Amino acid sequence: MKYQKPINIWNVVPASRIKDIQAGQWVYAGDKADKGIFLGVKPSGVIVCAWYRNAKNSGDFKGYVKSLRQYALGV
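Residues numbered from 1 in each chain as written. Predicted model: local features only at pLDDT ≥ 70, side-chain atom pairs only at ≥ 80, totals over all residues. Heavy atoms only, no water.

## Some details on the overall build of the chain
What the chain contains, in helices and strands, is 2 helices and 4 strands. Going from the N terminus to the C terminus, the chain shows its helices and strands as β-β-β-β-α-α. Taken against the 2.2 N^0.38 rule, which gives 11 Å for 75 residues, the C-alpha radius of gyration of the chain at 12 Å falls within 12% of a compact globule. Taken along the three principal axes of its C-alpha coordinates, the chain extends 35 × 30 × 20 Å. Out of the 75 residues in the chain, the part that is buried amounts to 31%. In the chain, which carries 12 positive and 4 negative side-chain charges, the distance between the mean positions of the two groups comes to 6 Å. (Helix = DSSP H or I, 4+ residues; strand = E, 2+ residues; numbered from the N terminus. Rg over C-alpha atoms; globule rule 2.2 N^0.38 Å. Buried < 20%, exposed > 50% of the residue type's maximum accessible area, 1.4 Å probe, protein only. Lys, Arg positive; Asp, Glu negative; His and termini not counted. Charge placed at Lys NZ, Arg CZ, Asp CG, Glu CD.)

## Some details on the pattern of salt bridges
The tally for this structure, following the rule as stated, stands at 3 salt bridges. Residue Asp20 is joined to Arg17 by a salt bridge in which the shortest nitrogen-to-oxygen separation is 3.1 Å. Among the ionic pairs, Arg53 bridges to Asp34, the shortest N-O distance being 3.2 Å. Residue Arg53 is located in helix α1 (residues 52-57), and its partner Asp34 is located in the loop between β2 (26-28) and β3 (35-41); the two are separated by 19 residues in the primary sequence. For Arg53, a relative accessible area of 54% translates into the label exposed. With a relative accessible area of 29%, Asp34 lands in the partly exposed category. Several salt bridges share partner residues, and in doing so they unite Arg17, Lys19 and Asp20 into one network. (Salt bridge = Lys/Arg side-chain N within 4 Å of Asp/Glu carboxyl O.)

## A short note on the packing of aromatic side chains
One pass over the full model with this rule turns up 2 aromatic pairs. Among the aromatic side chains, those forming a connected cluster through ring pairs are Trp26, Tyr52 and Phe61. The side chain of Lys42 reaches across the aromatic face of Tyr71, ending 4.3 Å from its centre. (Phe/Tyr/Trp six-rings, centres within 6.5 Å; stacked < 30°, edge-to-face > 60°. Lys NZ or Arg CZ within 6 Å of the ring centre and 35° of its normal.)

In short, the description is geometric, and any link to function would need to be established separately.
Structure representation (C-alpha cells):
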C-alpha cells in the first residue's frame, strides 16, 4: 500500500474500515497538530496508535513505538 496524507481516524466511515489502514500510517484524531502513528487494531477492537508527543517524551521513541506495535499484534 501507498502511504497517504495523515488520516483523521475519527472520520473513517464505517468504523470497521479502520483495520484497513496500513501500520505506520500517520493519523490524527480531530486536531491535525496532534499526530500519531497507526499501529493496528487488536482482535478485541482496540485501536493502537503511538501519539507523537507521548513517544517523543518517553525518551526512547523507537522502543516506545516498537512496544506498542507488539501490543497491537498481541505479541
